[in-house]
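Next come the chains, spelled out residue by residue.
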Amino acid sequence: MSFAESSNYFFKQAAKLLELSEDTITLLSQPYRELHVQVPIKMQNNKTKVFQGYRVQHSGARGPYKGGIRFHPEVDLDEVRALAQLMTWKTALVNVPFGGAKGGVSIDPSTLSESELEDIARTYFQNISHILGVKRDVPAPDMGTNEQTMAWMMDSYGAKFGHSPGIVTGKPIALGGSEGRTAATGYGVVIVLKHYFQHMAQDLTKQSVAIQGFGNVGMYAAKYLSELGCKVVAVSDVSATVYNENGLDIKSLENHIADGSLLKDCSEKNILDRDAVLSLNCDILIPAAIGGVINSSNWENIQASLIVEAANAPITPFADYHLQNRGTVILPDILANAGGVIVSYFEWTQNIQQHWWSLERVNQELEKMLNDAANDCFVIQKDKNVSLREAAYFIGVQRVIEALELRGFI
Ligand code: GLU
C-alpha cells in the first residue's frame with residue numbers, strides 16, 4: 001500500500017461512518033492541485049544539479065491551504081500527497097480556519113552546505129510562489145526545515161510580491177514569528193497526553209516513556225515529559241537508541257546534540273541499535289520521526305500499551321488494525337501533533353494584525369484548543385464506539401463536508 005493509499009484508508013473509514021457518497025469520496029481522496037517543479041541549483045563545485053520539488057494542495061474548503069515543507073531524501077509526490085490530506089483533517093479537527101497542503105524537496109540536507117540549502121529554499125519557493133498567498137496557501141517548517149528556511153522563503157516571496165510576513169509560519173521571532181512556535185509540536189504532544197490521562201483518571205507522572213526521534217518534536221516532548229516527572233527511559237536518533245531504565249538525563253542529551261552530535265556518541269552507558277527504541281519495555285511509546293515506522297514487520301514487538309503519534313503517519317493501517325485489536329491505545333497524529341499548526345495559526349493572525357502575543361497567551365490558547373479537540377474525540381469515541389483515530393477522522397471529515405456543502409460544492 002502506498003503512503004497516499006494509507007491516508008485514504010483512514011479517510012474511507014470515516015467516510016463509511018458518515019455515509020458519504022462515492023462522488024464525495026472521490027473529491028476528497030484526491031488533492032485539489034499538485035505542483036511538481038524543478039529546483040535547479042548551481043552547486044559549490046559550479047555544476048548545476050536539478051532537484052525535485054512539490055506542493056500539493058488537498059482541500060481549501062475551510063480556508064487557505066496550510067502545511068509544512070519537508071526537505072528529506074524520501075520526499076516524493078506520493079508522500080506529499082498523503083501528508084497534504086492529513087493536514088486537511090488536522091486543521092479541521094483542531095478547528096483552525098485552514099485547509100490542508102504539504103510540500104517538499106527530495107534532498108538530504110545533511111549533505112548540503114548552508115549556501116546550497118539557501119539556494120534550494122529560495123528557488124523552490126519562487127517556483128511554487130504562483131499558487132501561494134497569505135490568503136491562499138501558507139507553508140511552514142516540517143522535517144529538514146526550520147525557522148531559517150522560513151526566513152529565506154519569506155524573503156524570496158517578499159522580493160517579488162512585497163513584504164508579506166504571513167506567507168509562511170514558523171519564522172524567527174525577529175521576522176514576525178510567534179513566541180512558542182518552535183516548541184509547539186512537542187509541547188502539544190505533552191498537553192494531549194496530560195489531558196488523556198486526566199480523562200482516564202490516571203497518573204501520567206508514573207509512566208515510563210520511549211521516544212523515537214530526538215529532533216525538534218521528540219526533543220521538546222522528552223523535555224516537557226521529564227519536567228513533569230515522567231521517566232523518559234529511551235530516546236533515539238538515526239544513529240542509536242539511548243536507554244536507561246531509571247530515566248535519562250534529557251537536559252544533558254539536549255546539550256549533547258546541540259552542536260549536531262549524534263546520540264551514539266553520548267556519555268550514557270546503554271547504547272542500543274537505532275530501532276531498539278520501538279520494542280523496549282515501557283508504558284508509552286512516542287514515534288516522533290518519519291512515517292511508516294510501525295508496520296507489519298514490527299508491530300508485534302511493541303510492548304507499550306499507549307502509542308502517541310508525534311510524527312505524521314508513523315503507524316501503517318495494517319499495524320494500526322492489529323494494535324487496536326490487541327487493545328493498544330493510539331493517540332492519533334492529527335490530534336497529538338497538531339500543536340505546531342495551531343501555533344502557526346496564532347502566528348498568522350499576529351502577522352495579519354501586526355499585534356504580538358506573549359508566550360503565556362500562546363501556551364494558554366494552545367492548551368485550550370488541543371483540549372477542546374481531544375474532548376470532541378472522547379465524545380465521538382464513546383458515542384460511536386470507535387477508536388480515537390476513527391473519532392478524530394470522523395470530526396475532521398465532517399467539518400470539511402459541512403464547509404463543502406455550505407459552499408455548494410456537494
Ligand atoms: N509541519 C507541521 C505539521 O505537520 C506544521 C504545519 C504548519 O504549521 O502549517 O503539522
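Look up: the structure comes first, before these words.
Residues numbered from 1 in each chain as written. Predicted model: local features only at pLDDT ≥ 70, side-chain atom pairs only at ≥ 80, totals over all residues. Heavy atoms only, no water.

(A) Seen up close, helix 1 (residues 3-17). Its 15 residues give helix 1 an end-to-end C-alpha distance of 22 Å, which sits within 8% of 21 Å, the value for a rise of 1.5 Å per residue. Phe3, Ala4, Ser6, Ser7, Asn8, Phe10, Phe11, Ala14 and Ala15 are the residues of helix 1 that are buried. Looking at the buried side of helix 1, the elements it contacts are helix 2 (22-29), helix 3 (77-93), helix 9 (317-326) and helix 13 (388-407). One or two residues past the end of helix 1 sits Glu19, with phi positive at roughly 50°. (Helix = DSSP H or I, 4+ residues; strand = E, 2+ residues; numbered from the N terminus. Expected span 1.5 Å × (residues − 1). Buried < 20%, exposed > 50% of the residue type's maximum accessible area, 1.4 Å probe, protein only. Contact = heavy atoms within 4.5 Å.)

(B) Summary view of the packing of aromatic side chains. In the structure shown here, the tally under the stated rule is 14 aromatic pairs. With 6.3 Å between their ring centres and 55° between their planes, Tyr196 and Phe378 make a pair best called tilted. With a gap of 182 residues between them, Tyr196 in helix 6 (residues 184-199) and Phe378 in helix 12 (residues 359-384) connect regions that are remote in the sequence. Through a chain of ring-to-ring contacts, three or more aromatic side chains come together here, namely Phe98, Tyr345, Phe346, Trp348 and Trp357. Lying across the ring of Phe98, Lys66 places its NZ or CZ 5.9 Å from the centre. The ring of Phe10 has Arg389 sitting right over it, with the charged end atom 4.3 Å from the ring centre. (Phe/Tyr/Trp six-rings, centres within 6.5 Å; stacked < 30°, edge-to-face > 60°. Lys NZ or Arg CZ within 6 Å of the ring centre and 35° of its normal.)

(C) Examining the site of the ligand more closely. Every one of the 14 residues lining the ligand counts as a neighbour, but Lys66, Lys90, Pro141, Asp142 and Ser344 are closest to it. Here an oxygen atom of the ligand and a side-chain polar atom of Lys66 are 2.8 Å apart. For the ligand, an oxygen atom lies 2.7 Å from a polar atom in the side chain of Lys90. Mapped by element, the contributors of at least two residues to the shell around the ligand are strand 3 (65-72), helix 3, strand 5 (137-141) and helix 11 (339-353). (Near = heavy atom within 4 Å. Polar contact = N/O pair within 3.5 Å; in protein donor to acceptor, adjacent residues only side chain to side chain.)

(D) Broad picture of the sheet that holds strand 2 (residues 48-59). In spatial order, the strands read 1-2-4-3-5; together these five strands make up an open sheet with mixed pairing. If you trace the sheet from one side to the other, it starts and ends with strand 1 (33-42) and strand 5, each paired once. Neighbour-to-neighbour, the strand axes of the sheet open up by a mean angle of 20°, direction not taken into account. Pairing geometry for strand 3 and strand 4 (residues 100-106), over four bridges, is parallel. Opposite Ile69, over in strand 4, you have Gly103 as the bridge partner. (Pairing = 2+ DSSP bridges. Axes fitted to C-alpha atoms, helices over the stretch in contact; angles between N-to-C directions.)

(E) Structural context of the pairing of strand 7 (residues 231-236). In terms of burial, strand 7 is a largely internal element, five of the six residues being buried. Where strand 6 (residues 208-212) lies against strand 7, five bridges are found, and the strand directions are parallel. Bridged to Ala210 within strand 7 is Ala234. With helix 7 (residues 216-228) bridging strand 6 and the parallel strand 7, this β-α-β connection has right-handed handedness. Where strand 7 meets strand 8 (residues 241-243), three bridges bridge the pair, whose relative direction is antiparallel. Residue pairing across strands places Val235 opposite Val242, the latter belonging to strand 8. Taking the residues that link successive antiparallel strands as the turn, the strand 7-strand 8 hairpin has four residues. (Right-handed = clockwise from strand over helix to strand, strands pointing away.)

(F) Highlighting a nonpolar patch on the surface. Among the surface-exposed residues, Leu27, Phe409 and Ile410 lie close enough to one another that they form a single nonpolar patch of about 290 Å² accessible area. On the secondary structure map, Phe409 appears in the segment after helix 13. Judged by relative accessible area, which is 57%, Phe409 ranks as exposed. (Patch = residues over 30% accessible without salt bridge, like charges linked within 9 Å, V, L, I, M, F, W, Y side chains within 5 Å. Areas by Shrake-Rupley, 256 points an atom, 1.4 Å probe, with all protein chains shown as cover. Salt bridge = Lys/Arg side-chain N within 4 Å of Asp/Glu carboxyl O.)

(G) Region of the structure containing the environment of His163. Considering the arrangement of structural elements, one finds His163 in the loop between helix 5 (147-161) and helix 6. Separated by 181 residues in the primary sequence, His163 and Ser344 have C-alpha atoms spaced 18 Å apart. Not counting the four nearest positions on each side in its chain, His163 is found in contact with Met154 and Gly158.

(H) Quick peek at unusual backbone geometry. Despite not being glycine, Glu19 has its phi angle at roughly 50°, a positive value. Along the polypeptide, Glu19 turns up in the loop between helix 1 and helix 2.

(I) Molecular detail of the packing of helix 11 against helix 12. Where helix 11 contacts helix 12, the axes come no closer than 10 Å and their chain directions differ by 130°. The angle between the axes of helix 11 and helix 12 places the two elements in the oblique class. Remark: the crossing between helix 11 and helix 12 carries right-handed chirality. Seen from helix 11, the contacting residues are Gly339, Ile342, Val343, Tyr345, Phe346 and Gln350; seen from helix 12, they are Val362, Glu365, Leu366, Met369 and Leu370. Split into classes, the residues belonging to the contact of helix 11 with helix 12 amount to eight nonpolar, two polar and one charged. (Parallel < 35°, antiparallel > 145°, perpendicular 65-115°, else oblique. Left-handed = near helix turned anticlockwise from the far one by under 90°. Nonpolar A, V, L, I, M, F, W, Y, C, P; charged D, E, K, R; others polar.)

(J) Spotlight on the nonpolar core. Ranked by internal contacts, the top residues of the largest apolar core, which has 87 residues, are Leu193, Ile211, Leu225, Val235, Ile284, Ile286 and Val308. With eleven residues, helix 13 is the single largest residue contributor to this core. Discounting residues that sit within four places of it in the chain, Ile286 has contacts with Val189, Leu193, Val209, Ala210, Ile211, Gln212, Leu225, Val308 and Ala310. By size, the runner-up hydrophobic cluster in this structure holds 26 residues, among which are Leu35, Phe51, Ala121 and Trp152. (Core = buried A, V, L, I, M, F, W, Y, C linked by side-chain atoms within 4.5 Å.)

(K) Inspection of the sheet that holds strand 6 at higher detail. If you walk across this open sheet you meet the seven strands as 9-8-7-6-10-11-12, and the pairing is mixed. Every other strand in the sheet has two partners, leaving strand 9 (271-272) and strand 12 (329-331) as the edge strands with one partner each. Its contacts with the sheet place helix 7 against strand 6, strand 7 and strand 10 (284-287), and it is angled at close to 165° to strand 6.

(L) Spatial organisation of the pattern of salt bridges. In this structure the tally under the stated criterion is 19 salt bridges. Among the salt bridges present, the one from Lys206 reaches Asp203, with a minimum N-O distance of 3.1 Å. The class for Asp203 is partly exposed, based on a relative accessible area of 33%. Of the charged contacts in the structure, one is a salt bridge between Lys223 and Glu227, with a shortest N-O distance of 3.8 Å.

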